[in-house]
Amino acid sequence: MKIGEVFINKGEKKKFKTGQIRGVAFCGKNEGKALLITAGVHGGEYVGIETAMRLINELETNKMFGNVVICPVLNTDGFYNGVKQISTIDGKNLNREFPGNENGTISQKIAFDIEKYLYPIADFIVDLHGGDINEKLTPIIFFPYASGEDIKIYVRDIASRMSVDFRVGSYAENGLYSYATKKGIPAMLYERGAHGMWSEEDVLTEKEDMYKLMEILGIIKEGYDIDINLNQREITKAEYEQADSDGCWYPYFTNGDEIKKGELLGVLKSIDGEIIQRVEAKFDASVLYYTLSLGVRKNDTLMAYGCEKTNHLTKF
Ligand SMILES: [Zn+2]
């Protein structure tokens, strides 16, 4: 396997740094597919970052049929500075900067290098996220709606075997996983944990899902349970309520709550206490995630909710 100018021989585990990217590559002793695991696109989403680092310590190339490449912290500035969603160097959200720009800002350069060096080596990409420092979230996978029927069906099937509560079809196009699917690479965005916290339980569950993913792809043959998760629900219609202006946010529901059309989900107040926005549910739904922080900026997502179609589990 070759990443940029770095060669990794069969049976080898090797650290690499190429362009703006650091990671560890595992080249299996036997031939097979290649899985790319990325984390830390958002530096405050710790469960994915910790999971990726644990996998780096555990994987054994002599048991692998194919390759695994792990990049545990792509936005190092955001990670070390403990900021939500952005790099403090350019103020940009890396997950909105695809395709990148070789001569652009730091986030655009990272996006460029991911496309240049990592996309070509991957048969499947999982990008690990979570609720951010200011959010609370139910574990969820986003899979692509906008990249053709074949990729959608393939990724949806894999998502349905993971232990998250919801899978959500997404029309996003300019993030790490969504842009990859536009380039023909099956990919999904996996979210677990939130609020600037991580727990052993969340990391172990997420790590097991990564092993399941490797089992599904044939990279490991350890007998993980890869049956469809019948408790998982598919969200086919989602709404992301945003702040009309800067203000103080008072949510009335939490993630996992069931809400009814017309119900008041929360209010936004100015700092002199006046209600400046009332957020009402547009349809009956489940709350997927919401913002916890009191202070919010204009266009911040205040609450995300979605509903499922009735006949949601098809085996294919
Ligand atoms: Zn994120």
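Treat the numbers as computed from the prediction; the structure is a model and nothing was measured.

Things to note about the coordination of the zinc ion
Link 1 in the chain: Taken together, the protein donors to the zinc ion comprise His42 (ND1), Glu45 (OE), Glu45 (OE) and His129 (ND1), at separations of 2.0 to 2.4 Å.
Link 2 in the chain: Relative to the metal, the four donor atoms surrounding the zinc ion lie at angles of 57 to 148 degrees, and the coordination shape comes out irregular.
Link 3 in the chain: Site description for the zinc ion: donor spacing in sequence, H-x2-E-x83-H. A residue pair is termed long-range when its members are at least 10 positions apart, and histidine 42 in the loop between strand S5 (30–39) and helix H1 (46–58) and histidine 129 in strand S7 (residues 124–129) qualify at 87 residues. Both residues of the pair, histidine 42 and histidine 129, belong to the buried class.

A short note on the domain arrangement of the protein chain
Link 1 in the chain: Domain boundaries assigned for the protein chain yield domain 1 (2–217) and domain 2 (235–308).
Link 2 in the chain: Placing the centre of domain 1 and that of domain 2 at their C-alpha centroids yields a distance of 28 Å.
Link 3 in the chain: Across the boundary between the two partners, domain 1 contributes 14 residues, which contact 15 residues of domain 2.
Link 4 in the chain: Between domain 1 and domain 2, roughly 1,200 Å² of surface is buried when both sides are summed, and carbon and sulfur atoms account for 54% of that area.
Link 5 in the chain: The largest share of the area that domain 1 buries against domain 2 comes from Asn134, Lys136 and Phe166, three residues that together contribute 40% of it.
Link 6 in the chain: For the pair domain 1 and domain 2, the number of links is one salt bridge.
Link 7 in the chain: Its salt-bridge partner being aspartate 300, residue lysine 84 comes within 3.8 Å of it at the nearest N-O pair.

Quick look at the packing of aromatic side chains
Link 1 in the chain: Under the criterion given, the structure shown has 10 aromatic pairs.
Link 2 in the chain: Every member of this aromatic cluster is reached through a ring pair, and the members are Tyr46, Phe79 and Tyr80.
Link 3 in the chain: One residue, lysine 237, lies across the ring of phenylalanine 283, its end atom 4.2 Å from the ring centre.
Link 4 in the chain: Lying over the aromatic face of tyrosine 250, lysine 269 brings its terminal NZ or CZ to 4.8 Å of the ring centre.

Topic: the pairing of S7
Link 1 in the chain: For S7, the tally of buried residues reaches six of six residues, placing the bulk of the element in the interior.
Link 2 in the chain: Judged by which residues are buried, S7 turns out to be covered on both faces: Phe124, Val126 and Leu128 on one side and Ile125, Asp127 and His129 on the other are all buried.
Link 3 in the chain: Here S7 runs beside strand S11 (residues 187–191); their pairing, made up of five bridges, is parallel. Looking at the pairing, histidine 129 lines up with glutamate 191 of S11.

Overview of the confidence of the model for the protein chain
Link 1 in the chain: With 97% of its residues at a pLDDT of 70 or more, the protein chain shows a mean pLDDT of 94.
Link 2 in the chain: Low confidence marks residues 310–316, where pLDDT is under 50. Its contacts with residues over four positions away, or in another chain, come to 15 contacts.

What about the sheet that holds strand S15 (residues 264–269)?
Link 1 in the chain: One open sheet accounts for four strands, arranged S16-S15-S13-S18; its pairing is antiparallel. Looking at strand neighbours, the two that pair on one side only are strand S16 (275–280) and strand S18 (295–296), the edges of this open sheet.
Link 2 in the chain: Relative to S16, S15 runs antiparallel, the two sharing five bridges. Note on S16: the bridge partner recorded for leucine 264 is glutamate 280.

A word on the UniProt feature "domain: Succinylglutamate desuccinylase/Aspartoacylase catalytic" (unreviewed entry) in the protein chain
Link 1 in the chain: The positions UniProt marks with the feature "domain: Succinylglutamate desuccinylase/Aspartoacylase catalytic" (unreviewed entry) are residues 32–213.
Link 2 in the chain: Helix makes up 35% of residues 32–213 and strand 21%, with an end-to-end C-alpha separation of 14 Å.

Thresholds, definitions, all that
Residue indices begin from 1 for each chain and proceed along its sequence in written order. Totals for whole chains, interfaces and linings use all residues, but because this is a predicted model, local features are given only for residues with pLDDT of at least 70 and pairs of side-chain atoms are given and counted only at 80 or more. Hydrogens and water molecules were not included; the side-chain quantities draw on all heavy atoms of the structure. Sodium, potassium and calcium take a 3.2 Å donor cutoff, other metals 2.8 Å, and in both cases only N, O and S atoms count; water is not among them, so sites may look incomplete. Donor angles set the geometry label: tetrahedral for four donors if every angle is between 85 and 135 degrees, square planar for four and octahedral for six if opposite donors exceed 155 degrees and the others are between 65 and 115, irregular for anything else. Starting at the N terminus, helices and strands are each numbered in turn, a helix being any DSSP run of H or I of at least four residues and a strand any DSSP run of E of at least two. Only protein chains enter the area calculation, which uses a 1.4 Å probe; residues under 20% of their type maximum are buried, those over 50% are exposed, and those in between are partly exposed. Domain limits in this description derive from either an automatic procedure or a database domain assignment. The contact definition used throughout considers only heavy atoms, calling two residues in contact when any of these lie within 4.5 Å. Defined in terms of a 1.4 Å probe, buried area is the accessible area two parts forfeit on being brought together, summed over both. Note on definitions: salt bridges are taken to be side-chain nitrogens of Lys or Arg within 4 Å of carboxyl oxygens of Asp or Glu. Pairing of aromatic rings covers Phe, Tyr and Trp, the last through its six-membered ring, and needs centres within 6.5 Å; plane angles under 30 degrees mean stacked, over 60 mean edge-to-face, and all others mean tilted. Geometrically, a lysine NZ or arginine CZ counts as sitting over a ring once it is within 6 Å of the ring centre and also within 35 degrees of the ring normal. Criterion used throughout: strands pair if DSSP finds at least two bridges between them. Confidence scores labelled pLDDT are given residue by residue by the predictor and lie between 0 and 100. UniProt positions are given in the numbering used here, feature names are shortened, and annotations may be inferred rather than shown by experiment.

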